[in-house]
Amino acid sequence: MKMIQDIIVAPIVTESSMEAMQHKKYTFKVMKTANKVEIAKAVEAMFPGTKVAAVNTMNCDGKLKRMGRYQGYTASYKKAIVTLTEDSKTIEFFESMR
């Protein structure tokens, strides 16, 4: 069984994710094996008062990086964009970053 804290790894804070917050869309880095239903339940449990309307996920591949003559890839990860309902409470963690 997956724990809620293991499913949501970290928030993703970029310019585009901050603009999407105006439409109640929040971006998280999630566990690679988590599905949309598990992500929605984890967000509702971790942030009380929120109701998830939709979850969009995407797998992000690692980028090729070079250091001198050596090269390797950065870690790949899964990203989830969680859309909340209109009557849902906002996530306070992101509100403090504006």
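Residues numbered from 1 in each chain as written. Predicted model: local features only at pLDDT ≥ 70, side-chain atom pairs only at ≥ 80, totals over all residues. Heavy atoms only, no water.

### Notes on the overall build of the protein
Point 1. When you go through the protein residue by residue, the secondary structure sums to four helices and six strands.
Point 2. The N-to-C order of helical and strand elements in the protein reads α-β-α-β-α-β-β-β-β-α.
Point 3. Referenced to the eigenvectors of the C-alpha coordinate spread, the extents of the protein come out at roughly 55 × 35 × 20 Å.
Point 4. Counting all 98 residues of the protein, 31% fall into the buried class.
Point 5. When the accessible surface of the protein is split by element, carbon and sulfur atoms take 54% of a total near 6700 Å². (Helix = DSSP H or I, 4+ residues; strand = E, 2+ residues; numbered from the N terminus. Buried < 20%, exposed > 50% of the residue type's maximum accessible area, 1.4 Å probe, protein only. Areas by Shrake-Rupley, 256 points an atom, 1.4 Å probe, with all protein chains shown as cover.)

### Side note on unusual backbone geometry
Point 1. Even without being glycine, K24 reaches a positive phi, approximately 60 degrees.
Point 2. Along the chain, K24 falls in the loop between α2 (15-20) and β2 (25-30).
Point 3. On the basis of relative accessible area, K24 is assigned to the buried category, the value being 14%.

Geometric values such as these leave the question of function open.
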